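Breakdown of the fold
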Amino acid sequence: MKYKNPIIPGFHPDPSICRAGEDYYLVTSSFEYFPGIPVFHSKDLVHWDQIGHCITRNEQLTLYKGDPNSTGIYAPTIRYHEGIFYVITTNISYGTVSGGNEQNFIVWTTDPGGEWSDPIWLDCPGIDPSLFFDDDGKVYYCGTHGEIFLCEIDIVTGKRKTEKTYIWGGTGGCCPEGPHIYKINNWYYLFISEGGTEYGHMLTAARSRNIWGPYEGYCGNPVLTNRSRGTSLKAIGHADITQDQNGNWWAVCLGIRPLSYPFRHNLGRETMLVPMVWDEHGWPVMGNKGVVEEEVETDCLPGCPDMNIFQQKTLTVRDTFDSEKLDFAWNFIYNPCPQLWNVISGRGLTLYGNENALSKADTIAWIGRRQEHHNCIARTELHFVREQDEEEAGLTVYMNNRHHYEIAVSRQEGEDCILFRRQIGSLWKTENKIPCNCSQVFLEMEADLETYVFRYSLDGKQFHEIGRGETAYLTTEAGGVFTGNYIAMYASGNGRKCVRGAEFCWFEYTGKLKVLETVSATEPG
Ligand code: 6LW
């Protein structure tokens, strides 16, 4: 059969994978968004369902705020050992607000779809921590602090048992990072990424008979990279591997799907699946001669992939907010504040705008989901009675606090209106303002490769365009860091609290896809 990358579309970078029997679990970075660290489950490595998050309680940690964005949770690693799932990761601050600080921690659970433990804080510096459980019972922390280092830890208390020792600096690419250690056939393999997480990204491998080294780099490095290739996927790197129950090997890694030349991407870094084998000398051979392709032919997937359902089909999700628990797709920016939102069955989601504008790197009344498809439409029905000037509530395409486009109902200089605004870095303008004193409106955003188009309707049937903006300005290259675009409902009083709540009755997202024409009916091996 053929499967299509990405296997988890939209902003899902730094994937890490583990297997428990015939079940696969995968986690990705989540930065300043909450709940943190989405957890996915699969039986066949191609179809993934989100089953929860590792960070679901404000008491677990406080996500750092800051401008530029991309603070918070970096590159997690998930491992399964003797009935327990462990995730190790970093809560990081960067930028001007708080200086620069990183805190590494472990959370664990026996039920990856349930609640995870409070963090066990670790006395180790840097980013991209990984765990390795050796067969002699020792547990190692492998991290990134300039170069790749190793130390032994106590997995229960998190206490460091040895000094940290640098074990490899890579092959000369910048930013050696994202290490994972595996023991296979009495070799300790060390996989890392180099070249930075952009277009020069690559995966390199080294190995040693002794976990402390010396590590011998593979002469065929890099083992995975799409740099300087004409492929549609770029920036391939940050991989983790697993062996399936049939003995086949797989890597998951991040990659991007740029819009056009010059390359720019708006969906963030996404999760890809790559078949791998070992050559006769015990070195990994990944993808198509080290290149990751969008369409992959394989008969080796585990489980029973549903041949009739291609993993990426046109997707419509409609949320009427009937349950007090929000669907896993929804995120807050930073730790949620219970005063800023609630869900009342039959009335949808209410957001209570506080004083913070969308351009603030701070807690706002904002609930968003990832844009997972280049071509998509989002719609919502909004009831919002404005009482004061500057109050607004609406729908935003949001890359970060400094790059977003929105349609909103508002009151400006005493007049109720629907407005369309764009912020691109320090450029900020309300582009259009249509007088409208209705409290009930329907808002729509439609995206394709070039444009975000915004429309409103008073009856839910006839939509009128209010404005549009180039996709290119809401891309990582134009002003992002590590995250991808969200589509969010929000409310703000712009300087003071909104008097009333903004009620979003429902939200609908439709992602449109290029579906593979042929999916063969061959049974997997
Ligand atoms: C992550 C690093 C990386 O810590 O980007 O692509 C950083 N790899 O390993 C943020 O996702």
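Quick caveat: nothing in here was measured; it's all calculated off a predicted structure.

Moving on, we get to the site of the ligand. Near the ligand you find 13 residues, and of these Asp14, Asp128, Thr197, His238 and Arg269 are the closest. The side chain of aspartate 14 places a nitrogen or oxygen atom 2.4 Å from an oxygen atom of the ligand. Threonine 197 places a polar side-chain atom, nitrogen or oxygen, 2.6 Å from an oxygen atom of the ligand. Protein contact buries 99% of the 290 Å² of open area that the ligand shows by itself. Where the shell around the ligand is concerned, the elements lending two or more residues are β7 (72–81) and β11 (127–133). Split by residue class, the shell around the ligand holds six nonpolar, three polar and four charged.

This paragraph deals with empty space enclosed by the protein. Inspection of the entire model under this criterion finds two cavities of 30 Å³ or more. In this structure, the largest cavity is lined by 13 residues; those nearest its centre are Phe332, Cys337, Leu340, Ile364 and Trp366. Contributing elements (two or more residues each) for the lining of the largest cavity: β25 (332–333) and β28 (365–370). When its residues are assigned to classes, the lining of the largest cavity shows eleven nonpolar, two polar and no charged. Here the second largest cavity is characterised by a volume of approximately 50 Å³. Residues belonging to the lining of the second largest cavity are distributed by class as follows: five nonpolar, three polar and three charged. Here the lining of the second largest cavity gathers at least three residues from each of two domains, domain 1 (2–297) and domain 2 (315–515).

Strand order across the open sheet formed by six strands is β28-β37-β30-β31-β32-β33, with antiparallel pairing between neighbours. One side of each edge strand has no neighbouring strand; the edge strands of this open sheet are β28 and β33 (427–435). Neighbour-to-neighbour, the strand axes of this sheet turn through a mean angle of 20 degrees, independent of strand direction.

What follows concerns the sheet that holds β7. Spatially, four strands are ordered β7-β8-β9-β10 in an open sheet, and the strand pairing comes out antiparallel. The two strands at the open ends of the sheet, each matched to only one other strand, are β7 and β10 (120–121). Here strand β9 (residues 101–109) runs beside β10; their pairing, made up of two bridges, is antiparallel. In the strand pairing of β10, isoleucine 106 is matched with isoleucine 120.

In this section: the layout of surface pockets. In this structure, the second largest pocket occupies an estimated 550 Å³ of space. Those elements that provide at least two residues to the lining of the second largest pocket are β2 (16–20), β7, β11, β15 (177–184) and β19 (234–243). Of the residues that constitute the lining of the second largest pocket, the class distribution is eleven nonpolar, three polar and four charged.

Here we take up the packing of aromatic side chains. For the structure shown, the criterion picks out 33 aromatic pairs. Judged by centre distance (6.2 Å) and plane angle (90 degrees), the ring pair of tyrosine 189 and tryptophan 283 falls under edge-to-face. Highlighted residues: tyrosine 189 in strand β16 (residues 187–194) and tryptophan 283 in the loop between β21 (270–278) and β22 (284–286), separated in sequence by 94 residues. The pair tyrosine 189 / tryptophan 283 is uniform in exposure class, with both members buried. Through a chain of ring-to-ring contacts, three or more aromatic side chains come together here, namely Phe11, Phe31, Tyr33, Tyr74, Trp366, Tyr398, Phe482 and Tyr486.

In this structure, Cys54, Leu382, Met445, Phe454, Met489 and Phe507 are the most contacted members of the largest nonpolar core, which totals 59 residues. Summarising the domain contributions, this core has at least three residues from each of domain 1 (2–297) and domain 2 (315–515). When near neighbours in sequence (up to four residues on either side) are disregarded, methionine 489 contacts Phe321, Trp330, Leu349, Leu351, Ala365, Trp366, Ile367, Thr380, Gly394, Leu395, Phe504 and Phe507. If you look at the next biggest cluster of nonpolar residues, it comprises 23 residues, including Tyr182, Leu203, Trp249 and Val292.

This next bit is on the pattern of salt bridges. Here the idea is simple: oppositely charged side chains can pair when their charged atoms come close. Tallied over the full model, the rule gives 30 salt bridges. For lysine 161, the salt bridge is made with glutamate 152, and the minimal N-O distance between the two is 3.7 Å. Given the relative accessible area of 11%, glutamate 152 is considered buried. Residues glutamate 163 and arginine 160 are paired through a salt bridge, measuring 4.0 Å at the closest nitrogen-oxygen approach. Salt bridges sharing common partners tie together Arg379, Glu444, Glu446, Arg455 and Lys512.

The next subject is the side chain of threonine 242. Structurally, the position occupied by threonine 242 is in strand β19. Leaving out residues up to four positions away in the same chain, threonine 242 has contacts with Ile17, Cys18, Arg19, Tyr24, Asn248, Trp249 and Trp250.

Attention now moves to the pairing of strand β36 (residues 464–470). Pairing between strand β35 (residues 451–457) and β36: six bridges, direction antiparallel. Following the sheet pairing, arginine 455 is matched in β36 by glutamate 465. Connecting β35 to the antiparallel partner β36 that follows it, the hairpin turn spans six residues, and glycine 460 within it adopts a positive phi of roughly 80 degrees.

What follows concerns the domain arrangement of the chain. Taken domain by domain, the chain holds domain 1 (2–297) and domain 2 (315–515). A separation of 32 Å is found between the C-alpha centroids of domain 1 and domain 2. The interface of domain 1 with domain 2 comprises 42 residues on the first partner and 37 residues on the second. Across the domain 1 to domain 2 interface the summed buried area is about 3300 Å²; carbon plus sulfur atoms make up 55%. On the domain 1 side of the contact with domain 2, Tyr33, Lys65 and Asn266 bury the most area, a combined 20% of that side's loss. Between domain 1 and domain 2 we count one salt bridge in total.

This paragraph deals with the environment of lysine 433. Within the fold, lysine 433 resides in strand β33. Note on lysine 433: relative accessible area 43%, which makes it partly exposed. Separated by 373 residues in sequence, lysine 433 and glutamine 60 have C-alpha atoms that sit 43 Å apart. Those residues in contact with lysine 433, other than ones at most four positions away along the chain, are Gln412, Cys417, Ile418 and Leu419.

Definitions and cut-offs
- Residues numbered from 1 in each chain as written.
- Predicted model: local features only at pLDDT ≥ 70, side-chain atom pairs only at ≥ 80, totals over all residues.
- Heavy atoms only, no water.
- Near = heavy atom within 4 Å.
- Polar contact = N/O pair within 3.5 Å; in protein donor to acceptor, adjacent residues only side chain to side chain.
- Areas by Shrake-Rupley, 256 points an atom, 1.4 Å probe, with all protein chains shown as cover.
- Helix = DSSP H or I, 4+ residues; strand = E, 2+ residues; numbered from the N terminus.
- Nonpolar A, V, L, I, M, F, W, Y, C, P; charged D, E, K, R; others polar.
- 1 Å grid on protein atoms, 1.4 Å probe; cavity = no way out; pocket = protein on both sides within 12 Å on 5 of 7 lines; lining within 4 Å.
- Points joined across faces, edges and corners; volume = space filled by probe spheres on them.
- Domains from an automatic or database assignment.
- Pairing = 2+ DSSP bridges.
- Axes fitted to C-alpha atoms, helices over the stretch in contact; angles between N-to-C directions.
- Phe/Tyr/Trp six-rings, centres within 6.5 Å; stacked < 30°, edge-to-face > 60°.
- Buried < 20%, exposed > 50% of the residue type's maximum accessible area, 1.4 Å probe, protein only.
- Core = buried A, V, L, I, M, F, W, Y, C linked by side-chain atoms within 4.5 Å.
- Contact = heavy atoms within 4.5 Å.
- Salt bridge = Lys/Arg side-chain N within 4 Å of Asp/Glu carboxyl O.
- Buried area = accessible area lost by both parts, 1.4 Å probe.

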